[in-house]
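# Structural overview
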Amino acid sequence: MTSQERVLAALQRQPVDRTPVCNPTSVATVELMDLVDAPFPQANREPELMARLAATGYTELGFDSIMPVFSIIQESSALGCRIQWEQKDNWPTVRMAEPIWKNLDDIDIPSDLLTHQDTSCVLEAISILRREYGDEVAIIGKTMGPWSLAYHCFGVEAFLLMSLDDPDQTKRILDKLKSITVDFGLAQIEAGADALTLPDHATGDLVSGEYYQRYLRDLHIEFAERITCPIILHICGRTIDRMEYIAQTGMAAFHFDSKNRPDESMDVVGERISLVGNINNPETLFSKDEEAVAEEVVKNLDAGVQLVAPECAIPLQTSIENLRAIPRTVRDWHRAKN
Amino acid sequence: MTPISDIGTRIELVPMDGHFHDITVALYRQATAAGAGLLVHTYSNLDGAAERIDAIVDAMAVLAELADLPGTARRVHFPCGEDHDLAVRRAFLEACKFEPSEPLATAPLTIRDRKSGLTIEVDGLGEGQYRVRASGDDPEQQGPRRVGVIVNGLLKLGQMRRVSVAASATDVVTEDCVAFACGCSHDALVGLLLQRAPNVRAIVREQEAMAARGTLSAPSAQS
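Residues numbered from 1 in each chain as written. Chains lettered and ligands numbered in written order. Predicted model: local features only at pLDDT ≥ 70, side-chain atom pairs only at ≥ 80, totals over all residues. Heavy atoms only, no water.

### Examining the overall build of chain B
The secondary structure content of chain B amounts to five helices and ten strands. Taking the contacts inside chain B whose residues are at least 6 apart along the sequence as the reference set, 55% of them involve residues at least 24 apart. Summed over its atoms, the accessible surface of chain B is roughly 10800 Å², and 50% of this surface lies on carbon and sulfur atoms. Here chain B contributes 22 positively and 29 negatively charged side chains, and the mean placements of these two sets differ by 7 Å. (Helix = DSSP H or I, 4+ residues; strand = E, 2+ residues; numbered from the N terminus. Contact = heavy atoms within 4.5 Å. Areas by Shrake-Rupley, 256 points an atom, 1.4 Å probe, with all protein chains shown as cover. Lys, Arg positive; Asp, Glu negative; His and termini not counted. Charge placed at Lys NZ, Arg CZ, Asp CG, Glu CD.)

### Observations concerning the pairing of strand β8 (residues 129-135) of chain B
Residue and element names in this part refer to chain B. Bridge count between strand β7 (residues 119-126) and β8: seven bridges; the pairing is antiparallel. Across the sheet, the residue bridging to D123 is R131, located in β8. The hairpin formed by β7 and β8 contains two residues between the paired strands, and E127 there has a positive phi angle of roughly 55°. (Pairing = 2+ DSSP bridges.)

### Structural notes on the pairing of strand β9 (residues 307-310) of chain A
All names here are of chain A. With burial as the criterion, each face of β9 is covered, one bearing L307 and A309 and the other bearing V308 and P310. As paired elements, strand β8 (residues 274-279) and β9 share four bridges and run parallel to each other. Looking at β9, one finds that I279 is bridged to P310. (Buried < 20%, exposed > 50% of the residue type's maximum accessible area, 1.4 Å probe, protein only.)

### Some details on the interface of chain A and chain B
Contact residues are listed per partner, giving 36 residues for chain A and 29 residues for chain B. Carbon and sulfur atoms make up 57% of the surface buried where chain A meets chain B, a total of about 3000 Å² over both sides. The largest share of the area that chain A buries against chain B comes from A:E31, A:L35 and A:Q317, three residues that together contribute 22% of it. Counting every contact that joins chain A to chain B gives four salt bridges. Between A:E86 and B:R213 there is a salt bridge, and its shortest N-O distance comes to 3.5 Å. (Buried area = accessible area lost by both parts, 1.4 Å probe. Salt bridge = Lys/Arg side-chain N within 4 Å of Asp/Glu carboxyl O.)

### Some words on helix α8 (residues 167-191) of chain A
Its 25 residues give α8(A) an end-to-end C-alpha distance of 36 Å, which sits within 8% of 36 Å, the value for a rise of 1.5 Å per residue. A maximum bend of about 25° is found in α8(A) at A:L177. (Expected span 1.5 Å × (residues − 1). Bend = angle between axes of the 7 residues up to and from the residue.)

### Comments concerning the environment of B:L46
Residues and elements named next belong to chain B. As for its position among the elements, L46 is in the loop between β3 (35-41) and α1 (49-64). The class of L46 is partly exposed, set by a relative accessible area of 32%. Distance from L46 to F20, taken between C-alpha atoms, is 9.6 Å for residues 26 residues apart in sequence. Apart from the residues lying within four places of it in its own chain, the contact partners of L46 are F20, H21 and I23.

### Here's the deal with the packing of α1(B) against helix α4 (residues 187-196) of chain B
Residue and element names in this part refer to chain B. Close contact between α1 and α4 brings their axes to 6 Å; oriented N to C, the two are set at 100°. The angle between the axes of α1 and α4 places the two elements in the roughly perpendicular class. Of the residues in α4, those in contact with V62, L63 and A64 of α1 are A188, L189 and L192. Considered class by class, the residues forming the contact of α1 with α4 number six nonpolar, no polar and no charged. (Axes fitted to C-alpha atoms, helices over the stretch in contact; angles between N-to-C directions. Parallel < 35°, antiparallel > 145°, perpendicular 65-115°, else oblique. Nonpolar A, V, L, I, M, F, W, Y, C, P; charged D, E, K, R; others polar.)

### Here we look at the confidence of the model for chain B
With 93% of its residues at a pLDDT of 70 or more, chain B has an overall mean of 90. Predicted as a complex, the structure gets a pTM of 0.93 and an ipTM equal to 0.91. (pLDDT = per-residue confidence, 0-100.)

### A few points about the packing of α8(A) against helix α9 (residues 209-226) of chain A
Residues and elements named next belong to chain A. α9 packs onto α8 with a crossing angle of 25° between their chain directions and a minimal axis gap of 11 Å. The orientation of α8 with respect to α9, classified from their angle, is roughly parallel. When the axes of α8 and α9 are compared, the crossing they make is right-handed. In this structure, α8 contributes P167, T170, K171, L174, D175, K178, T181, V182 and L186 to the contact, and α9 contributes R214, Y215, L216, L219, E222, F223 and R226. Residue composition of the contact of α8 with α9, by class: eight nonpolar, two polar and six charged. (Left-handed = near helix turned anticlockwise from the far one by under 90°.)

Structural data, given as structure tokens:
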């Protein structure tokens with residue numbers, strides 16, 4: 001199987017020759033930036049640099065996928081949020097202390113949403129990668145969900161308070177923002193993406209499983225119906241309490257955090273949705289050695305997790321050796337099994 | 001493009017080298033036929049990057065008295081054969097910070113303690129042992145406390161240990177003597193660590209801040 005075939009089959013829970021190593025979120029590091037002369041923040045804004053840096057996940061690390069959308073701010077920048085672009089060694093972030101909207105009526109989706117520098121950069125980077133790598137590797141795009149977009153545009157605290165005080169307005173806001181998720185997603189598919197990561201940060205620390213069911217499950221079902229490629233839902237944190245609802249959405253996969261054990265997560269979702277994950281970032285990939293990385297990879301493989309991946313965007317200072325230990329361990333595990 | 005090859009275990013990283021185009025520079029520990037060696041490496045292909053790496057190795061060699069590992073290309077080691085892991089990482093970080101236009105020289109075994117105004121001196125006692133003492137006008141009797149602070153700093157930065165000094169009549173553990181486990185003298189390294197020993201908390205804060213940079217938080221965890 002090619003890497004692309006392997007990833008797409010695993011996303012549909014079909015047989016694979018070995019478990020694919022996937023990155024629904026970024027595997028960019030400062031050393032890889034040097035290797036291909038594509039540093040942050042430029043690699044988030046210039047399509048050639050974005051494509052070049054993203055390709056290293058496949059060419060240098062040995063992953064089965066390429067994911068060029070390193071950050072979570074591309075659409076928010078196009079919406080008018082203020083962005084802290086930072087330097088090579090840090091992530092661009094939205095200045096959420098300076099929200100651009102306060103209520104439903106303020107929402108104004110610009111007509112240039114898909115031609116803005118920071119969204120068109122993603123589309124062009126995907127086109128470049130598709131041209132360069134053809135069908136040998138899975139190209140994964142990213143379109144942010146409405147809950148995450150609402151955090152960026154309204155501010156985390158304000159939006160969460162609104163969700164308590166005014167559920168109706170909250171639902172109407174999410175409903176209005178969903179077109180951004182769909183339109184940007186479809187544009188990436190047209191540009192050549194095989195699958196899309198859909199981060200929607202109803203994270204375990206701030207939002208309950210019941211909240212997910214009330215506000216997001218039906219929206220996510222709608223995304224699965226309207227977006228014409230496999231979707232990998234990404235939510236950080238302890239999410240075991242909402243995995244049942246997530247499994248009902250019809251999405252292809254759930255990218256899960258290391259706060260959830262692989263075996264307990266598999267028990268909840270069964271065969272209804274693939275799981276992608278869940279190598280711990282701060283404690284394992286960033287701070288420990290290849291042996292510790294391998295242990296976590298094996299836990300996922302033993303549990304039957306369909307695609308092995310870091311749990312989230314990896315820290316930019318992560319060592320190349322630890323990242324390369326992921327595909328090596330997967331290969332070794334399958335070799336030993338066969 | 002520089003190919004990625006197995007170059008050992010990365011033990012320290014400077015994500016942006018302020019003295020050369022913000023390239024990323026890392027320190028690797030490598031197993032070689034001649035023993036464990038230290039490799040300073042960058043993946044940058046910029047013109048001058050290799051020379052910058054050479055300059056950092058040169059600075060480490062002087063600042064911490066590292067020697068070339070025989071039979072290897074620009075791998076260095078401590079002649080005592082020990083890793084001195086924390087100390088060598090500090091030496092690497094200091095070498096990367098070192099202003100290239102300044103002349104390279106080992107740090108003296110004495111500093112002016114800014115908190116007390118006292119002079120702190122470290123005397124080599126042989127066999128890797130050092131005694132810390134304070135001198136100067138000390139109306140507030142700060143000397144013993146400041147010596148204790150410096151000793152703690154050396155213990156933490158250099159993975160040194162407290163020792164009892166044989167010259168002492170009772171052979172009790174003293175509060176002012178430290179030693180490297182290898183039993184060898186490392187005067188340059190102690191001089192280097194001494195510069196930072198008065199304020200280890202600042203070093204720890206700097207390390208924590210560096211480690212936190214580049215880690216993406218969920219929007220709910222961002223400010």
